[in-house]
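Spelled out from the first residue to the last, the chains are:
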Amino acid sequence: MSPRWNPHPDVRTGRHVVYNLHVHLVFVTKYRRNAFTDAMLTRTEEIMREVCAGFEAELKQFNGEQDHVHLLVHYPPKVQLSKLVNSLKGVSSRRLRQEYDSHVRRYLWGGHFWSGSYFAGSCGGAPLTVVKQYIENQQCPV
């Protein structure tokens, strides 16, 4: 790569790819129970950072309330988002149940911590209208 090329810090490169992929994830506790304490949210962030590192992804932002968490993850194109989500939810559920067992059992039962569903929204980059306009204005060969 040219030493003159100074990309945006979020733009990453691989052997045959240049990418900037971000996803906003929201995970909700089972039955939307208010199971989280402040200490649990802090520990959840630590766990999710470790899981993301294992996928060569980066947890850019994390926050939550008593019944849900929000994540902003920067991930490489080789990662299947569904596998990342399964690992984030599975590992965090297992560890939180081990470390906060008596507290979690008051709110959740049956071996579940997270709801089976989740929200995933792509974010970053240009708005869709700008991308559509850019594609429409390409010069077709004559």
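Please read these numbers as outputs of a predicted model, since none were measured by experiment.

For helix α2 (residues 81-99), spanning 19 residues, the distance from its first C-alpha to its last is 27 Å, which sits close to the expected 27 Å at 1.5 Å a residue. For α2, every residue scored as buried is listed here: L84, V85, L88, K89, V91, S92, S93, L96 and R97. Buried-residue contacts for α2 involve β3 (22-29), α1 (38-54), β5 (68-74), α3 (101-107) and β6 (114-123).

Pairing is antiparallel across the open sheet formed by 4 strands, whose spatial order is β4-β5-β3-β6. The open sheet has two free edges, formed respectively by β4 (58-64) and β6, since each of these has just one partner strand. Here the strands of the sheet are splayed against their neighbours by 20° on average, with no regard to which way each runs. The pairing of β3 with β5 spans 7 bridges and is classified as antiparallel. Within β5, the position partnered with H22 by the bridge is H74. Together, β3, β4, β5 and β6 form the strand contacts of α1, whose direction differs from that of β4 by roughly 160°.

Attention now goes to the confidence of the model for the protein chain. The predicted model of the protein chain averages 91 in pLDDT, with 94% of residues at 70 or higher. Across the protein chain, element-level confidence peaks in α1 with a mean pLDDT of 98 and bottoms out in strand β1 (residues 12-13) with 82.

What counts and how
Residues numbered from 1 in each chain as written. Predicted model: local features only at pLDDT ≥ 70, side-chain atom pairs only at ≥ 80, totals over all residues. Heavy atoms only, no water. Helix = DSSP H or I, 4+ residues; strand = E, 2+ residues; numbered from the N terminus. Expected span 1.5 Å × (residues − 1). Buried < 20%, exposed > 50% of the residue type's maximum accessible area, 1.4 Å probe, protein only. Contact = heavy atoms within 4.5 Å. Pairing = 2+ DSSP bridges. Axes fitted to C-alpha atoms, helices over the stretch in contact; angles between N-to-C directions. pLDDT = per-residue confidence, 0-100.

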